[in-house]
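Residues per chain are reported as follows:
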Amino acid sequence: MLGNILDNDEDIDIARISRELGISSALFRGLLKSDVEFSSLSYKSLRSLALLLSMPLGLLYRELGLLEQDDFFEDKRDLEVIINELYEQMRHDDEFSAIAPTYQDWIKTPVATRVALVACYEKACGKLSRSSLIMALSDKDKEETR
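Residues numbered from 1 in each chain as written. Predicted model: local features only at pLDDT ≥ 70, side-chain atom pairs only at ≥ 80, totals over all residues. Heavy atoms only, no water.

## Let's talk about the packing of aromatic side chains
Part 1 of the reasoning: Following the criterion strictly, the structure yields three aromatic pairs and no others.
Part 2 of the reasoning: Ring geometry for Y87 against Y103: centres 6.5 Å apart, planes inclined by 45°, an arrangement best described as tilted. Taken together, the positions of Y87 in helix α6 (residues 79-92) and Y103 in helix α7 (residues 103-108) put the pair 16 residues apart, joining distant regions of the chain.
Part 3 of the reasoning: In this structure Y87 comes out as buried when scored by relative accessible area, which is 1%. (Phe/Tyr/Trp six-rings, centres within 6.5 Å; stacked < 30°, edge-to-face > 60°. Helix = DSSP H or I, 4+ residues; strand = E, 2+ residues; numbered from the N terminus. Buried < 20%, exposed > 50% of the residue type's maximum accessible area, 1.4 Å probe, protein only.)

What follows is the structure, given as structure tokens:
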């Protein structure tokens, strides 16, 4: 992986880069050959590598496979669970209970429509920017594109 990031350049000064990263030349060679996992590097070494590559540390972690987008979010519940919880909140909210569908109608409603309804509810409540719904939709999109 690191070989790809550094364009597998034959002129790489392994000793210099190893010193900059605070690791041995043997360890650096192992990283280049993918014989050594990046998770074995210290935070300080990874930070130095990010500086060397002129990229944000978080992006480096992601590029190296050490972090996934999901690692940044606590809520990993299923989309169906989230929209049903939001529906229940909407049903019990004095301002929205009159427009919330009955449960029988709710379960017959297509998922896309239910998502739109609870998204509108969250938007009206000012919660959409930090919404668990947005995270679940993002996860669902990833699953569908695999």
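Picking up where we left off.
## Observations regarding the pattern of salt bridges
Part 1 of the reasoning: Counted under the stated rule, the structure contains three salt bridges.
Part 2 of the reasoning: The salt bridge involving E20 is made with R16; its shortest N-O contact spans 2.3 Å. In this pair, E20 and R16 are both assigned in helix α2 (residues 14-21), four residues apart and thus about one turn of the helix distant.
Part 3 of the reasoning: Look at E20 and you get partly exposed, because its relative accessible area is 37%.
Part 4 of the reasoning: Its relative accessible area of 34% is what places R16 among the partly exposed residues.
Part 5 of the reasoning: The salt bridge partner of E80 is R114, with a shortest N-O separation of 2.6 Å. Of this pair, E80 sits in helix α6 while R114 sits in helix α8 (residues 111-125), placing them 34 residues apart in sequence.
Part 6 of the reasoning: For E80, a relative accessible area of 30% puts it in the partly exposed group.
Part 7 of the reasoning: With a relative accessible area of 6%, R114 lands in the buried category. (Salt bridge = Lys/Arg side-chain N within 4 Å of Asp/Glu carboxyl O.)

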